[in-house]
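Given next are the chains, with one letter for each unit.
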Amino acid sequence: MHHGNTMKKDTILERMSEVIRDVLDNDAITLTRQTTADDIEEWDSLAHITIIVAIEKEFNVKFNLSDIKPLRNIGEFEDLIVLKTGIKG
Amino acid sequence: MTNYFTYPLDTTGLLRKKRAIRRDLSNRKNLDVKRVAILGGSTTAEIKDMLELFLLHADIRPVFYESEYNRYFEDVMFPESGLKDFRPEIIYIHTTSLNIRRFPALNESSEVIDGLLAGEMNRFADLWERIEQDYGCPVIQNNFELPHYRILGNLDAYDIHGRARFIGLLNLRFSEEARKRKNLYLNDINYLAAWFGLERWHDRLFWYSYKYAMNFEAIPLLADSIASIIRAIYGKAKKCLVLDLDNTLWGGVIGDDGLKGIRIGKETPEAEAYTEFQRYVKELKERGVLLAVCSKNDETNAREGFTHPDTILSLDDFAAFTANWNPKHENIRGIAGSLNIGIDSLVFADDNPVEREIVRTQASEITVPELGSDVAKFIDILDKTGLFETVSLSADDLQRNLFYAGNAEREKQKEQYASYDEFLRSLEMVAEIAPFSPIYLDRITQLTNKTNQFNLTTRRYTLAEMQAIAADLSHITLYGRLRDRFGDNGIVSVMAGVIRGAELHIDLWLMSCRVLKRGMESAMLDSLVERAKMRGLSGIVGYYLPTEKNGMVKELFSEMGFSRLPETPDIGTAWHLDISESYNLKNACITVTP
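Residues numbered from 1 in each chain as written. Chains lettered and ligands numbered in written order. Predicted model: local features only at pLDDT ≥ 70, side-chain atom pairs only at ≥ 80, totals over all residues. Heavy atoms only, no water.

A look at the overall build of chain A
- A count of helical and extended segments in chain A gives four helices and zero strands.
- Ordering the α and β elements of chain A from the N terminus gives α-α-α-α.
- Here chain A, with 89 residues, has 40% of them falling under the buried criterion.
- For chain A, the proportion of contacts with a sequence separation of at least 24, taken over those separated by at least 6, is 55%.
- In the structure as shown, chain A presents an accessible area of about 5,200 Å², 53% of it carried by carbon and sulfur atoms. (Helix = DSSP H or I, 4+ residues; strand = E, 2+ residues; numbered from the N terminus. Buried < 20%, exposed > 50% of the residue type's maximum accessible area, 1.4 Å probe, protein only. Contact = heavy atoms within 4.5 Å. Areas by Shrake-Rupley, 256 points an atom, 1.4 Å probe, with all protein chains shown as cover.)

Some details on the interface of chain A and chain B
- The interface of chain A with chain B comprises 19 residues on the first partner and 19 residues on the second.
- In total, about 1,700 Å² of surface goes out of reach between chain A and chain B, with carbon and sulfur atoms giving 57% of it.
- The tally of links from chain A across to chain B stands at six salt bridges.
- Its salt-bridge partner being D203 of chain B, residue K62 of chain A comes within 3.5 Å of it at the nearest N-O pair.
- Among the elements of the structure, α1 (2-24) and α2 (45-59) of chain A are those that each provide at least two residues to the side of chain A that touches chain B.
- Counting residues per element, the side of chain A that touches chain B draws most heavily on α2 of chain A, which supplies eight residues. (Buried area = accessible area lost by both parts, 1.4 Å probe. Salt bridge = Lys/Arg side-chain N within 4 Å of Asp/Glu carboxyl O.)

Points about the nonpolar core
Residue and element names in this part refer to chain B.
- Ranked by size, the top nonpolar core spans 46 residues in total, and within it L51 and I140 carry the most contacts.
- Ranked by residues supplied to this core, first place goes to helix α11 (residues 219-233) with nine residues.
- In this structure, L51 is in contact with V36, I38, F64, A223, I226 and A227, ignoring residues within four places of it in sequence.
- Of all hydrophobic cores here, the second largest spans 41 residues; its members include A523, A532, L537 and F562. (Core = buried A, V, L, I, M, F, W, Y, C linked by side-chain atoms within 4.5 Å.)

Description of the packing of aromatic side chains
Residues and elements named next belong to chain B.
- Evaluated as defined, the whole model comprises 26 aromatic pairs over all chains.
- With a centroid separation of 5.9 Å and an interplanar angle of 75°, the aromatic rings of F124 and F144 are classed as edge-to-face. Linking F124 in helix α6 (residues 110-134) with F144 in the loop between β4 (139-142) and α7 (163-180), this pair joins segments that are 20 residues apart in sequence.
- Judged by relative accessible area, which is 0%, F124 ranks as buried.
- You can call F144 buried: its relative accessible area is 0%.
- Relative to W195, the ring of Y191 lies with its centre 6.4 Å away and its plane at 5°, an arrangement referred to as stacked. With a gap of four residues between them, Y191 and W195 both fall in helix α8 (residues 189-196), about one helical turn apart. (Phe/Tyr/Trp six-rings, centres within 6.5 Å; stacked < 30°, edge-to-face > 60°.)

Points about the confidence of the model for chain B
- Within chain B, residue pLDDT values average 91, and 96% of them lie at 70 or more.
- Model confidence for the complex is summarised by a pTM of 0.75, with the ipTM given as 0.86. (pLDDT = per-residue confidence, 0-100.)

Brief notes about the pattern of salt bridges
Residues and elements named next belong to chain B.
- All told, the structure shown has 50 salt bridges over all chains when counted by the stated rule.
- Its salt-bridge partner being D49, residue K18 comes within 3.0 Å of it at the nearest N-O pair. Of this pair, K18 sits in helix α2 (residues 18-26) while D49 is found in helix α3 (residues 45-57), placing the two residues 31 residues apart along the sequence. Take K18 and D49: they sit in the same class, and that class is buried.

A closer look at the pairing of strand β16 (residues 573-578) of chain B
Residue and element names in this part refer to chain B.
- In the sheet, strand β14 (residues 539-544) pairs with β16 via six bridges, with the strands oriented antiparallel. Within β16, the residue paired with Y544 across the bridge is T573.
- Relative to β16, strand β15 (residues 563-564) is paired through two bridges, and the arrangement is antiparallel. Bridging from a neighbouring strand, R564 pairs with W575 of β16. (Pairing = 2+ DSSP bridges.)

Re the pairing of strand β12 (residues 487-500) of chain B
Residue and element names in this part refer to chain B.
- Burial runs high along β12: eleven of the 14 residues are buried.
- In this structure, strand β11 (residues 475-484) lies alongside β12, joined through nine bridges in antiparallel fashion. Considered in β12, the bridge of T477 is made with A496.
- Direction of pairing for β12 relative to strand β13 (residues 503-511): antiparallel, over a ladder of eight bridges. Counted as the bridge partner of I499 is L504 from β13.
- Between β12 and β13, which pair antiparallel and follow one another directly, the connecting turn spans two residues, one of which, G501, has a positive phi of 65°.

Focus: the state of the cysteines
Residue and element names in this part refer to chain B.
- Applying the stated rule across the entire model yields zero disulfides over all chains.
- C294 provides the cysteine sulfur closest to C240, a residue in no disulfide bond, and the two sulfurs are 11 Å apart.
- You can call C240 buried: its relative accessible area is 0%. (Disulfide = S-S within 2.5 Å.)

Section: the environment of L463 of chain B
Residue and element names in this part refer to chain B.
- As for its position among the elements, L463 is in helix α21 (residues 463-471).
- With relative accessibility at 8%, the residue L463 sits in the buried group.
- The sequence separation of L463 and C294 amounts to 169 residues, and the corresponding C-alpha distance is 36 Å.
- With residues near it in sequence (within four places) discarded, L463 still touches K182, N183, L441, D442 and T445.

Remarks on unusual backbone geometry
All names here are of chain B.
- Cis rather than trans, the peptide bond between Y7 and P8 has omega equal to -5°.
- Phi is positive for R87, close to 50°, though the residue is something other than glycine.
- Topologically, R87 is positioned in the loop between α5 (83-86) and β3 (90-94).
- R87 sits in the exposed class, given a relative accessible area of 51%.

Side note on the side chain of N489 of chain B
- Positionally, N489 of chain B belongs in strand β12.
- Classification of N489 of chain B by relative accessible area gives buried; the value is 1%.

Description of the sheet that holds β14 of chain B
Residues and elements named next belong to chain B.
- Taken in spatial order, the eight strands line up as β15-β16-β14-β13-β12-β11-β10-β17 in an open sheet, and their pairing is mixed. Both outer strands of the open sheet, β15 and β17 (590-593), are each paired with one neighbouring strand and no more.
- Packed on one face of the sheet, helix α22 (residues 520-534) meets β10 (429-434), β11, β12, β13, β14, β16 and β17 and runs near 145° to β11. (Axes fitted to C-alpha atoms, helices over the stretch in contact; angles between N-to-C directions.)

Here it is in structure tokens:
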């Protein structure tokens, strides 16, 4: 049971990583739940907007103002996607 | 790569893979560098990035200037801005309804509202006027999209206090200005927003968060629209639509189903859709796009299709007609050759994915939209990516198909004469060759920017640059217009040179290929020499700058009696003609006026 859940989480994280690698055009990027935008050189404020939109398209969700603002790291972003999509985390 | 840029645009892919697409497109050779200033009334960062992709895709490498947020007005009006130093070649003003300073208040009188409208209009007119004075470059200006909400509901469209009405009137005024001002081109975001869907266009989250005036996903659409205008300004729009027949212009296979079996007309929904598509194609032809057929068919069968009682298109509508069993990419190359137009100015429409793929891979210069096999979508696929965008409708555009019909008639006549000169004289050609005059400058600029084959230097000019050399005493300019007994070919040739010392240096010499081998180049050179002599000059220096397309004029100067100069430009050759002594007139078949 636990094993299955972890698999799901990894899948979301992996899909997020793929989106971010595409947007930033850098195949070397690997994300963990602790990664923040500051850790990745190319992740500036302009790229940030594109990442949000590309993630929305990837998971077919729409974030609202209060969703995005408090996010501190990739882990919280992943949790938000789980919450919004209903993909069990 | 091209799949990102055909309709429907892959907005998700474009946004997500932006950097990789830019990397791939930037690595190509022969890109024209253009300095483009984006002056925004809202955030423009993503617009700049997307515009870069669409321009690179059109072989233009943009260098950008971007105004600070909402400083579009100040950047133009106050010379200390960096815009002057940037020396823009194109200015794009990205304003939207969010930049309208004040809408009518509900208690205001009709006079006050008229004043508001005039005030808003004048603010923009001042901008355009100032740009004209300081830069003289083309300005691309958004009009205004309908508002996010309507406080008066339906009444908003017609009560004098309504915002929808106010925007409508302002758009009308912008249209009038754009017709009057030679360098002003409207980007119709009012249409774009409606097409995209106003509900999605007005993405409030993106406005509140990042000050983007529109949905992020509409930005590729906007960029495509601006790039289409820029392509048209620089003469890079497509000229000819090459069409398949079976299941493209009618439903069914004429060779199998016979004339009675093909679907066109009003009988079924499918037949109606093909009829409407034929009508769309016919309208393209009427506005100056050349049509050609490229079909795998027996020629007799193919032609028979156009005798159907419900056909909209007829055989006369096509400037070229190819129906055989040869590979289509070979036939299409033949079509480009017979029409004397560059192969990269062709668009190929075929319902068959295999044929599309073969043409795409074997002749990559040809644009092949993803037409699909659903006739109900054909029009959108051809219409919505600005392939045939035009910035003006010249009289020549409306007559172009007549020229080609005339050409076919002339070809037939050719066979009946003993010598080619005799044939040329029988055409009773009369040329008008004179310095650039204001009424022809539009056409002169258009011809200069789209002629690729008979073009010695392939230099491109904006209308403003043409106006400048026309007025400059150190330049000699000539246009040539040719009539014959089959009709008026319009303006077909352009020459311009600059005087340095006792010599005239030819910056520009080009001619439309529809009058090739008519002696027009000789008549033009004769006139240029005559004018150079009148100015007391002793020699003419000509340059040939090779491109992929102008091989046909490689030896032109030699044929015209110039001698090759040892010192040459970086790429190409330089030639000299002594006119201090006698000059033998070269034209023998054309009567020249004035």
